[in-house]
Amino acid sequence: MFSFLIRRLLQSLLILLGVSMITFVLLYWLPADPVRQIAGRSATAQTVQNIREQLGLDQPLLVQYWRYLGNLLQGDLGRSYLQRTEVSTLIMSRLPASLLLMAGAIFAELLIGLSMGVVAALRRGSRTDQVLMIVSFVGVSAPQFVVGLLLLYVFAVQLHWFPIGGYGTFSHLVLPALTMGILGSGWYSRMMRSSMVDVLRQDFVRTARAKGLTRRRIILRHALPNAILPVIAMIGIDVGIFMGGIVVVESVFGWPGIGQLAWQAIQRVDIPIIMGVTLVSATAIVIGNLVADVISLMVDPRIKIR
Amino acid sequence: MIGTAEKPSGAYAPDAAPVLQVSNLTVSVNTEAGLKSLIRNISFSLNPGETLAIAGESGSGKSITSLAIMGLLPPPVVRVTEGQICLNETDLLTLPETRMRDIRGNRIAMIFQEPMTSLNPVMTIGAQLSEAIMAHDPIGRREAHTRSLEALTAVRMSQPEKRMSQFPHELSGGMRQRVMIAMALALRPDVLIADEPTTALDVTVQREVLELLRDLQRDLGTAMILITHDMGVVAEMADRVIVMQSGQMVEEGNVKQLFHAPKEDYTKALLASVPRMGDGSGAQEGGKAGASIAEIRNLKVRFDVRGGIFGRVTHRVHAVENVNFDIHAGETFALVGESGCGKSTIAKALAGLLPYTGQIRIAGSEIHSLTRAEAKAIRRDVQMIFQDPMASLDPRMRVGDLVAEPLVIHKIGTAAERSERVAMLFDRVGLSAAQMERYPHEFSGGQRQRICIARALALQPKLIIADESVSALDVSVQAKVLELMRELTEEMGVAYLFISHDMAVVENISDRVAVMYLGQIVEMGCRAQVFGNPQHAYTRRLIEAVPVPDPTYERPAGLRLAGDIPSPMRRLEDTPKLAKLVDIGEGHLVAMPD
């Protein structure tokens, strides 16, 4: 277990290094010039040149990257071009909100998706199954900003059950988490259904029935633990999908997380913030996958660590 | 509670009231065309302590019968449409599901064919056993644990305490089947249904499990329904036999009477096609010593196992160690041994599907020394037929195209010539050219294997590797496919490397035999030498373990088997000891203990 973790952590560092390199190069090649954004339209060529030198943007790409990497290793993500604040401070002030949203979304999608999948599998071929699968299909295919606005209109504007936007209490969390969760629950319900259908056909389920166990016990103790194994690995991958969705959903609900931060930074070509958010997201994805693998390892005795 | 009813004890008592009575049982499946019966008018009774074998080939309805008794038919598609199943005085078919659940696993228990998949992979053995006991007896976890341990001990499991906390994948097939038996017999049921309990096991393990079943049944007085396709198992285990064919009972009778004076034609034909072991005589020895087609020298195949932080090789699986043999033109050379002995690995190396060290010479050319193009040309001389014909035929291709494919790959002939050749091959393997346009699922298992043989023959190979090619077939079909293979050697001079775990089949088809154990050949010689005068202890053990299809056969007592075969996985520095083969006369090679 220990050597497995060490190896995976080393791999993770390599992945993050790769991500930083690719993002850095892409941003460097961007047609938009950050210096123009900082200096404003009326700035003279001399001012522009001064700012460029001040930020070190006149150096060759390799030098810039090397310097960035050196700072990064000391935990320094640089300063925002426009806000004159440390990027790490900005991110840390907004990360908790995003993590909270993500936790809420994962909870929502697992709750909705897994229960829909299990029910559909147990009633396979019935009307219930058909309806649930249509619902999940809609969930998968509906764009998040549409789902978000729809939920806002129905539950906030019309019914007044939840606030329209903002951050702070549990009721603020419900709608954004649901918006993100609905997409995932569509995936999970389909995956859980096919996994469950597959497991219910297995010989050991027949053995469980031959033992004279109750249906409830067969499902909860034998079918479910086996059916959920492939789903666990999926949760790790899901964190990546969330990072994309978070930008949209945070904008719709005015949620003060890193998604909004990233969105503003992209508009203003504030490269240090874009880099920082990208690296934090990549770290989250890597950790998500690692956690999913470790959980799989713990619940499935057949997986051997090598 | 039902579980507290008095259990019968003691041995088979033919005069006692039957414990299970099945009358006029008809099971049907709902299809779009209406109800279609799967089994019709099955009637039999089972006496306390008796073993009743239900024998028949695939599709005969024997498993449906057992599932109907257990109340485990898949509803609502398959259901009992007529008849009664009475356990003592209770008609099981009228019971509600909750009452039926009290009976399942408690008074009627079942063992299934596939020990590898019949246990829950994420639950410990102990939990699965305790669960079965606690489902019927209102006892605590601690007591259930104690009783599970007793049950494991009763099935002669080695280190039962340790097994309790292990998971199924840590146990071998034979051990898992013991767990299934322990689970089934822990509550001392009145009736035990064993559905092909040893079919998936190696022959020596099968012997142990059969003996265990017999001993336990004698001690507990359980009545047993043994479902099997293997007439050898029937002869050894059963008191009475029912022969089934396409959903109907063909014949019923006492085991001795049925084997020695079968009344029905189907029973006679079934018994006639069972491969029987003799002493290896009757072969024309020496007559087939053609030029050698394949020469295998010092063949080694090892698989690396990696571990640690940097993924270094820490262990190796020594799948094949220093194997030498020749195959001559027109002969059938058999490799026998139990699962994991390396016989299929040799086949794959020979077919160029695996990297190996050592020399393989095909038709005089050393494979390692050839260029890519030359190696491809040589491949034409070696073709393979696999165990599962359905899995080795692409379901979306017409069978005519499947057979023509090797010709296409090697760019032989025009389209018209190819189709003519395919038609000829179809005719040769006993299919009609009109069937070329069909898809694999439209054929039966035996026909599919004929298609695979036709495909292997397309390139006119010198050597065909048949890896367990008849193992999945019913005996009557198996006999015909073997006959076809034999004819092909005589007509076309093709040689076979025949790989099988089935000693009786090997004895019937092979000219020369090599017995493999843990990656090495332990005995090799012509059929008469190996079967008539087996010298190595392992060869004897294999031959002894084969069930004999003769109920009057007295098995020599005192044969104790040494349990599971050790793992071929070894640490890097630990190389296996190589067996030294000694010629004990006329080319009969035996590994000598030193």
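About the cut-offs
Residues numbered from 1 in each chain as written. Chains lettered and ligands numbered in written order. Predicted model: local features only at pLDDT ≥ 70, side-chain atom pairs only at ≥ 80, totals over all residues. Heavy atoms only, no water. Contact = heavy atoms within 4.5 Å. Buried area = accessible area lost by both parts, 1.4 Å probe. Salt bridge = Lys/Arg side-chain N within 4 Å of Asp/Glu carboxyl O. UniProt positions renumbered as here; feature names shortened; annotations may be inferred. Helix = DSSP H or I, 4+ residues; strand = E, 2+ residues; numbered from the N terminus. Domains from an automatic or database assignment. Patch = residues over 30% accessible without salt bridge, like charges linked within 9 Å, V, L, I, M, F, W, Y side chains within 5 Å. Areas by Shrake-Rupley, 256 points an atom, 1.4 Å probe, with all protein chains shown as cover. Buried < 20%, exposed > 50% of the residue type's maximum accessible area, 1.4 Å probe, protein only. Pairing = 2+ DSSP bridges. Core = buried A, V, L, I, M, F, W, Y, C linked by side-chain atoms within 4.5 Å. Axes fitted to C-alpha atoms, helices over the stretch in contact; angles between N-to-C directions. 1 Å grid on protein atoms, 1.4 Å probe; cavity = no way out; pocket = protein on both sides within 12 Å on 5 of 7 lines; lining within 4 Å. Points joined across faces, edges and corners; volume = space filled by probe spheres on them.

Participant: It is not clear to me how the interface of chain A and chain B should be interpreted in this structure. Could you clarify?
Facilitator: When the parts come together, some accessible area is lost, and that loss is often what is quoted as the size of the interface. Each partner contributes residues to the interface: chain A has 25 residues there, and chain B has 31 residues. Carbon and sulfur atoms supply 61% of the area that chain A and chain B bury against each other, a total of about 2,500 Å² over both sides. Area buried by chain A at its contact with chain B is led by Arg209, Lys211 and Pro301 of chain A, which between them contribute 24% of it. At the junction of chain A and chain B, the tally comes to 2 salt bridges. When the shortest N-O distance is used, the salt bridge between Glu131 of chain B and Arg217 of chain A registers 2.9 Å.

Participant: What's the story with the UniProt feature "domain: ABC transporter" (unreviewed entry) in chain B in this structure? I'm lost.
Facilitator: As annotated in UniProt, the feature "domain: ABC transporter" (unreviewed entry) corresponds to residues 20–271 and 296–543 of chain B in the numbering used here. With 38% helix and 28% strand, the stretch residues 20–271 of chain B has end C-alpha atoms that lie 28 Å from each other.

Participant: How should the domain arrangement of chain A be read in this particular structure?
Facilitator: Residue and element names in this part refer to chain A. Once the domains are mapped, chain A shows domain 1 (17–76) and domain 2 (100–299). Just the C-alpha atoms count here: the centres of domain 1 and domain 2 sit 37 Å apart. The partner domain 2 presents 10 residues to the 11 residues of domain 1 that form the contact. Between domain 1 and domain 2, a total of about 900 Å² is buried, with carbon and sulfur atoms accounting for 85% of that surface.

Participant: Explain a nonpolar patch on the surface to me, please; I cannot follow it from the model alone.
Facilitator: Residue and element names in this part refer to chain A. A grouping of Leu14, Leu17, Met21, Ile22, Leu26, Tyr28 and Trp29 is seen on the molecular surface, where their side chains present a nonpolar patch of about 770 Å² in accessible area. Note that Leu14 resides in helix H1 (residues 2–28). Among the residues examined, Leu14 registers a relative accessible area of 60% and is labelled exposed.

Participant: Looking at this structure, I do not really get the environment of Gln202 of chain A. What am I missing?
Facilitator: Structurally, the position occupied by Gln202 of chain A is in the loop between helix H8 (170–200) and helix H9 (203–210). Spatially, the C-alpha atoms of Gln202 of chain A and Leu290 of chain A are 29 Å apart, while their sequence positions differ by 88 residues.

Participant: Just checking my understanding: could you explain the pairing of strand S6 (residues 108–111) of chain B for this structure?
Facilitator: Across a regular strand the side chains alternate sides, sitting on one face of the sheet and then on the other. Residues and elements named next belong to chain B. In S6, alternate side chains face the same way, and those of Ile108 and Met110 on one face and Ala109 and Ile111 on the other are all buried. Pairing of S6 with strand S7 (residues 191–195), which is carried by 4 bridges, proceeds in the parallel orientation. By the bridge assignment for S7, Met110 is matched with Ile193.

Participant: For this particular structure, what's the right way to read the UniProt feature "domain: ABC transmembrane type-1" (unreviewed entry) in chain A?
Facilitator: Here, UniProt's "domain: ABC transmembrane type-1" (unreviewed entry) annotation points to residues 95–296 of chain A. In the segment residues 95–296 of chain A, helix accounts for 85% and strand for 0%; the C-alpha atoms at its two ends are 27 Å apart.

Participant: How do you make sense of the UniProt feature "transmembrane region" (unreviewed entry) in chain A when you look at a structure like this?
Facilitator: Residues and elements named next belong to chain A. Per the UniProt record, "transmembrane region" (unreviewed entry) is found at residues 12–30, 99–122, 134–155, 167–188, 227–253 and 273–299. The span residues 12–30 is 89% helix and 0% strand, and its two end C-alpha atoms sit 27 Å from each other. Secondary structure content for residues 227–253 is 96% helix and 0% strand, and the end C-alpha separation is 35 Å.

Participant: Quick question: what am I supposed to make of the nonpolar core here?
Facilitator: Looking at soluble globular proteins, one finds that nonpolar side chains tend to be buried together. Residue and element names in this part refer to chain B. Of all hydrophobic cores here, the largest spans 76 residues; its most connected members are Leu20 and Ile225. Top contributing element to this core by residue count: helix H6 (residues 173–185), with 8 residues. Contacts of Leu20, omitting those with residues within four sequence positions, involve Phe44, Ser45, Leu46, Ile69, Ile85, Cys86, Leu87, Val191 and Ile225. Residues Cys452, Ala458, Val515 and Tyr538 belong to the second largest nonpolar core, which totals 52 residues.

Participant: Just checking my understanding: could you explain the sheet that holds strand S17 (residues 463–467) of chain B for this structure?
Facilitator: Backbone hydrogen bonds hold the strands of a sheet together, and the pairing may be parallel or antiparallel. Residue and element names in this part refer to chain B. Strand order in the open sheet formed by 8 strands is S16-S17-S18-S13-S19-S20-S23-S22, and the pairing between neighbours is mixed. The open sheet has two free edges, formed respectively by strand S16 (382–385) and strand S22 (581–583), since each of these has just one partner strand. With direction set aside, neighbouring strand axes in the sheet form an average angle of 20°. Pairing geometry for strand S13 (residues 332–336) and strand S19 (residues 512–517), over 4 bridges, is parallel. Opposite Leu335, over in S19, you have Ala514 as the bridge partner.

Participant: Would you explain the layout of surface pockets in this entry?
Facilitator: A water-sized probe, rolled over the atoms, reveals where empty space remains. In this structure, the second largest pocket occupies an estimated 1,200 Å³ of space. Along the walls of the second largest pocket sit 39 residues, with Arg209 of chain A together with Leu72, Leu73, Pro74 and Pro75 of chain B positioned nearest its centre. Those elements that place two or more of their residues in the lining of the second largest pocket are helix H5 (87–122), H8, H9 and helix H10 (215–227) of chain A together with helix H1 (62–70), strand S4 (78–87) and helix H2 (97–103) of chain B.

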